[in-house]
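Chain by chain, the residues run as shown.
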Amino acid sequence: MKTPLKILTGGLLLMSLSAKAQMPNDAIYMAKGSVCIAGMYGRSTWNEYWEGPLKRHNENIGTLTTQNVMVMPAIGISRRVNLLLSLPYVWTEASAGNLMGQKGIQDLSAWVKIKTVQAGGFSLHTILGGSLPASNYVPDFLPMSIGLRARTATGRLLASYKHPKTGIYLTAYGTYNWRSTIKVDRDAYVANNRLYNTNEVSVPNTYDASVKLGILRRKWQTEIFAERMGGLTGDDIRRNDMPFPTNNMEATSVGWYGKVQPRHIGVNARIGYVLDGRNVGQSTSYTVGLLYQIDFKK
Amino acid sequence: MKKYSKIVSLCSVMAAVAVATVSCDKSITEPLRVGYTPASVDEKAASWKTYVLTAPTDVTVAAPTLTTSSEYQAELADLKSQSSSLTTEQQQAVVYWGAGAVYRWNEIARELAARYNIPPASNAEGKYPVPDMNNPLADPKFPFANPPYTARALAYLSVAQYDALVAAWNYKYKYKRVAPGKVDASVKVALPASALPSYPSEDAVVAAASYVVLKAMFPGEVPFLDAKLAEHQNSRLWAGMNVKSDLAAGADLGNQVAAKVMGRARSDGMGMANNQGATAAMIESVKSRGLSDVWLSQESPKRPPMLPTYGSVITWNFDEATKIKLRPAAPPALNSTEFTKDLEELRSIQKDQTREQARIANYWADGAGSYTPPGHWSRMAANAANDAKYSEVRMARTLALVNTALMDAGICCWDTKYYYYYPRPQQFGVKTSVGLPNFPSYTSGHSTFSAAAATVLGSVFPERADEFWAQAQDASNSRIYGLIHYRFDCVVGLQCGKNIGSYAVARGKADGSGL
């Protein structure tokens, strides 16, 4: 049983970077002493977005494309405790208009994933994480900015059931994301329909939740998922204004994830599509990754 | 195995750092401004030169009742009951308005400007509907408080406040009614008191004058302004600073002055500032002077240029002939070496914009959704005057000098922009990191506004002149770093702004204040 679980871990880190970045959202663990390193490329595009509740097109943006490459090691500290890290480089581009694309190293994230309960096919997991901006990118030149620069702390509860014989599984989780205030270059801005005479901006805390149904086998995995994310506070993009970090960004998405990893080397892919949202682009995203597992333990 | 434990410890440290650096404080700290006793009450301000009034006696204020009268005593008793114990909300209102009537109403004006400074969206037919002042809350909202609009709103606000305060000073020292706290020591006074006579109330004067101007400039905000006006007036009762007749006389005076000031506003040419029909002749004219590629809107669908005839609006500190003299010489030809050099500079910044360049560009961007460059400089002026503990009338004078210079700068710059109709760098493939305004390039509005304001501020606060000029220089450079102006747009704009500002400086030197 050693191999499949170990090998799978790296691939499951995969998520759309555009929305909530690379957070661990699975019930799978690396064995003690194993490290799975994933190298990934992701691309997300939209040509329509929601300005508050209003869905619209913007001829001065055209299609906005966000791309990223990232390194994501997953480290087996013990059979029940894994440490996961990620560091993406992100760049943006608009197909129309004259807004200059932005690029840079985004946020360094780390999570500890703990299997708290295992009973037959059932398992419960606690995932604690945090992130820090890893470079001094501009957070309020949206939608071109590569991130919001908030420090984050994340708490997630994840429950999973896997049928032992078939490998069919059902996983669900809910997450609370705490986000710090940020500093912007300007020293006044409008949010919540008032003027703030400061460079400090409150970025809303968010939640997310997901349900996933899939099959997990020794050498491959396939899964469909639905996700919901949103702010616990936050305002809307004003009519014909640009987005701002105080916006309540909500999205409901669906997608597919798959992975093949016969031995130490594997590949994975993920596709996501935003069905409905508020203050976000209706993005279609995909990610592909190359996985490599190293066993330090003999 | 060694390798592995190293990785683990490194990762653990990183995770710990991530969690540890997160503090739970989500509150936003805004700079605090509190009341003060003015460094001088400027008791001779009644003789200072006004903008629209010919003399303080253009407006009338009835003589107050004596403080020994039964009417006054009844007002005093009412004041005592209103100010004896305050709710938290009332205390907050007292502290907020106590920072200064002129200061707060300018801040309110900037807030309105920022909330209304969004260009209309195009409709299904690919047209941009023009905001309708008779239906201000429809889409698009009226006004689109762009830099020329905001400069004008701030100028009229400050002129109304200043003229009204000069008139108020006249009547204050004519009638010399002392503050309620000095009539009766048992009045609970919540704010620093000066020797200034209290009838008519300077706060009520400023509130009423500001209300009238802002209601005209932002007609969709009447409920918001009503609430501010009522709170301001009430705060003077809660603070034990004015009896009701002080406030009523002040409101009456403020209304009279504002009506006269708005009379000028209605005939200053702003109603004709968006004459899109004039652009064809402008383009023809500049082409006949040899410009091959004229400015074109870079938006899709093409947006009509912002206020093409704002350059014909009446200026404050000089006349029409002077305005034409202030217009700079023509920009470099599009095939000249100077043009090529400055375009190349932008291309190289686009390739390797430093974070410091981006910071300066963002700090001064003051683009859509902001209170615009005039708002930015007006804020700096208000803060400087507040730091210097200026009296209300001197604060108003400072802002009137700065804000009229800013409006003059806007008018001159718009005149120049549409006279030369010069193409933006974006017409040669340059992107922007701050957003592109929809009007011709030459000269830079930021540079013109900033130099004009910095010149005036440098005259009012000579010890800070270098600091203000360095900021104007930064604001000017910010448009190069943000990639929307050639260096020659900025250099020439800065010089023009300095010349424009010097007229407001000259006015200030000759306004009888001796300041």
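Residues numbered from 1 in each chain as written. Chains lettered and ligands numbered in written order. Predicted model: local features only at pLDDT ≥ 70, side-chain atom pairs only at ≥ 80, totals over all residues. Heavy atoms only, no water.

1. So, the overall build of chain A
Rule in force here: Put simply, DSSP marks the helices as runs of H or I at least four residues long and the strands as runs of E at least two long, and each gets a number from the N terminus on. Based on C-alpha atoms, the radius of gyration is set beside the globule rule, defined as 2.2 Å times the residue count to the power 0.38. To sort residues, take the accessible area from a 1.4 Å probe on protein chains only and compare it with the maximum for the residue type: under 20% means buried, over 50% means exposed, and anything in between is partly exposed. The criterion used for residue contact is that any of the two residues' heavy atoms lie within 4.5 Å. Using a 1.4 Å probe, accessible areas were evaluated by the Shrake-Rupley method; residue-level cover was limited to the displayed protein chains. The positive count covers Lys and Arg only, the negative count covers Asp and Glu only, and His and the chain ends enter neither. One atom stands in for each charge, and that atom is NZ of Lys, CZ of Arg, CG of Asp or CD of Glu.
Secondary structure assignment for chain A yields two helices and 19 strands. Here the C-alpha atoms of chain A give a radius of gyration of 19 Å, agreeing with the 19 Å that 2.2 N^0.38 yields for 298 residues. Along the first, second and third principal axes, the C-alpha atoms of chain A reach 60 × 30 × 30 Å. Counting all 298 residues of chain A, 59% fall into the buried class. Taking contacts inside chain A between residues at least 6 apart in sequence as the whole, the part at least 24 apart equals 63%. If you sum the accessible surface of chain A, you get close to 11,600 Å²; carbon and sulfur atoms cover 61% of it. For chain A, the separation between the mean place of its 34 positive charges and that of its 19 negative charges on side chains is 16 Å.

2. Quick word on the packing of aromatic side chains
Residues and elements named next belong to chain B. The criterion, for reference: The criterion for an aromatic pair is that two Phe, Tyr or Trp rings (for Trp, the six-membered ring) have centres within 6.5 Å, with stacked assigned to planes under 30 degrees apart, edge-to-face to planes over 60 apart and tilted to the rest. Consider the ring centre and the ring normal. A charge sits over the ring if Lys NZ or Arg CZ is within 6 Å of that centre and within 35 degrees of that normal.
Considering all chains together, one arrives at 36 aromatic pairs over all chains under this definition. What links up through ring pairs into an aromatic cluster is the set Phe339, Tyr419, Tyr420, Tyr422, Phe428, Tyr442, Tyr486 and Phe488. The cationic tip of lysine 141 hangs over the ring face of tyrosine 116; the distance from NZ or CZ to the ring centre is 4.3 Å.

3. Things to note about unusual backbone geometry
The omega torsion of the bond from Asp139(B) to Pro140(B) falls at 0 degrees, within 30 degrees of zero and hence cis. When you line up the elements, Pro140(B) lands in the loop between α4 (101-116) and α5 (147-175). The omega torsion across Phe142(B) and Pro143(B) is -5 degrees, close enough to zero to call that bond cis. Along the chain, the position of Pro143(B) falls in the loop between α4 and α5. The backbone of Asn279(A) sits at a positive phi, close to 60 degrees, despite the residue not being glycine. For Asn279(A), the position within the fold is in the loop between β18 (265-278) and β19 (284-295). Taking relative accessible area as the criterion, Asn279(A) reaches 4% and is therefore assigned buried. Of note in this structure, Tyr421(B) is not a glycine but carries a positive phi near 45 degrees.

4. Quick word on the interface of chain A and chain B
Heads up, the rule is: Under this grouping Gly is polar, as are all residues other than the nonpolar Ala, Val, Leu, Ile, Met, Phe, Trp, Tyr, Cys and Pro and the charged Asp, Glu, Lys and Arg.
Counting residues at the interface gives 52 residues for chain A, matched by 57 residues for chain B. The residue inventory of the side of chain A that touches chain B, partitioned by class, reads 24 nonpolar, 16 polar and 12 charged.

5. Concerning the environment of Lys498(B)
All names here are of chain B. With respect to the helices, strands and loops of the structure, lysine 498 is situated in helix α18 (residues 487-509). The class for lysine 498 is partly exposed, based on a relative accessible area of 37%. Along the primary structure lysine 498 and lysine 127 are separated by 371 residues, whereas in three dimensions their C-alpha atoms are 38 Å apart. If we ignore the near neighbours within four places in the chain, the residues touching lysine 498 are Ala451, Ala452, Thr455 and Trp469.

6. Quick word on the domain arrangement of chain B
Residue and element names in this part refer to chain B. For the record, the criterion: Here the bounds of each domain stem from an automatic or database domain assignment. Buried surface area refers to the total accessible area, computed with a probe of radius 1.4 Å, that the two partners give up upon joining, counted for both partners together.
Here the domain parsing of chain B yields domain 1 (45-57 + 78-266) and domain 2 (271-509). A straight line from the C-alpha centre of domain 1 to that of domain 2 covers 29 Å. Facing the 44 residues of domain 1 at the interface are 44 residues of domain 2. The junction of domain 1 with domain 2 conceals about 3,500 Å² of combined surface from both sides, 69% of it contributed by carbon and sulfur atoms. If you sort the residues of domain 1 by the area they bury against domain 2, Tyr51, Arg110 and Tyr128 come out on top, with a joint share of 20%.

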